[in-house]
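Each chain, written out:
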Amino acid sequence: LCSRRRCAHTQAAALSMAQAVARGSGIAIFTGNSHPAIAELIVRKMGNKLGECEVGSKAPGETSVYIKESVRGKNVFIIQSGAGQVNTSIMELLIMSYACKTSCALQIIAVVPYLPYSKQSRMRKRGSIPCKLLAQMMEQSGINHVITMDLHQKEIQGFFDVPIDNLRASPFLLQYIRENIPDYCNAVIVARHPETAKRVTSYAERLGLGIAVIHGSPPTTGQSDQDDGRHSPPPPRETSTSPLLDLVTQSISSYSSKCLPEYTR
């Protein structure tokens, strides 16, 4: 008799949760300290608001996260990029997703415009593949889906066992060039070293421009097959985030309109 009551109670709880999700009980959007400005712009275009969450650090430098609202049965989006203090941003993302997982969130979608450690996606002598390690850590923390932009290598998607959307910035960049750069037809696109010639050729063909390749320049990405670590530490690299708010907003909105209980990945 007790087992029947327990089973009936479990079924009733599951049914109530499914009905709440089917009614569109809402989504929850949180952000860390990596780039709060872009999170504000995204939720503003969606007509939504950021969830209440405290993300900070304690005395020994440990990251602490406190979710101030209920996320039970909700689709949670965590907007966290890899710019600035990369390792701190990673820990914030992992702890936030784990906090939502333990709070019975329906699914957790990480919106990471720049995926950290994406340039360390190949095996070196006496080295490792930190990008694969990061992918496993994200999955173990409870992330069910990843939305990112312009991965350094498309093969990085194979490191994840969860669905991943790799959005492209090239259509927006080409549109900006056509609309805002006068007389761009007389320009030439320059590849700083031969490794970037493939991407430069792709842009040049769509714009109808010529290309120039600088030979003899050492690669700045540390992705050369001949690199065995003797030139470490690598030279500093400049990273920038792409303002693709419309594309990211559409991706998040598509999930918010599909709050169905059978969508569990």
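All values derive from a computational prediction rather than experimental measurement.

Visitor: Explain the sheet that holds strand β6 (residues 145–149) residue by residue, including any values.
Guide: If you walk across this open sheet you meet the five strands as β1-β4-β5-β6-β7, and the pairing is parallel. Edge positions in the sheet fall to β1 (27–31) and β7 (164–167), since each of these pairs with one other strand and no more. Across the sheet, the axes of successive neighbouring strands diverge by a mean angle of 15 degrees, strand direction being ignored. Two strands pair when backbone bridges link them, and strand β4 (residues 75–79) and strand β5 (residues 107–112) are joined in this way by five bridges, in the parallel orientation. Paired with N75 across the two strands is Q107, which belongs to β5. Packed on one face of the sheet, helix α3 (residues 86–102) meets β1, β4 and β5 and runs near 165 degrees to β5.

Visitor: Explain the pattern of salt bridges to me, and be specific about the residues and the numbers.
Guide: Counted according to the given criterion, the structure contains two salt bridges. The closest approach of N and O atoms between K68 and E54, which form a salt bridge, is 2.7 Å. One end of the pair, K68, is in the loop between β3 (63–67) and β4; the other, E54, is in strand β2 (residues 53–57), with 14 residues separating them in the sequence. A relative accessible area of 41% places K68 in the partly exposed class. Accessibility expressed as a relative area gives 43% for E54, which makes it partly exposed. Across the pair D150 and R168 runs a salt bridge whose closest N-O atoms are separated by 3.5 Å.

Visitor: Go over the packing of helix α5 (residues 170–180) against helix α6 (residues 197–207) with me, naming the residues and quoting the values.
Guide: In contact at an axis separation of 11 Å, α5 and α6 are set at 50 degrees when each is read in the N-to-C sense. With respect to their mutual orientation, α5 and α6 come out oblique. Regarding α5 and α6, the two cross each other, and that crossing is right-handed. Contact residues: S170, L173, L174, I177 and R178 in α5; Y203, R206 and L207 in α6. Its residues placed into classes, the contact of α5 with α6 shows five nonpolar, one polar and two charged.

What counts, and where the lines are drawn
Residues numbered from 1 in each chain as written. Predicted model: local features only at pLDDT ≥ 70, side-chain atom pairs only at ≥ 80, totals over all residues. Heavy atoms only, no water. Pairing = 2+ DSSP bridges. Helix = DSSP H or I, 4+ residues; strand = E, 2+ residues; numbered from the N terminus. Axes fitted to C-alpha atoms, helices over the stretch in contact; angles between N-to-C directions. Contact = heavy atoms within 4.5 Å. Salt bridge = Lys/Arg side-chain N within 4 Å of Asp/Glu carboxyl O. Buried < 20%, exposed > 50% of the residue type's maximum accessible area, 1.4 Å probe, protein only. Parallel < 35°, antiparallel > 145°, perpendicular 65-115°, else oblique. Left-handed = near helix turned anticlockwise from the far one by under 90°. Nonpolar A, V, L, I, M, F, W, Y, C, P; charged D, E, K, R; others polar.

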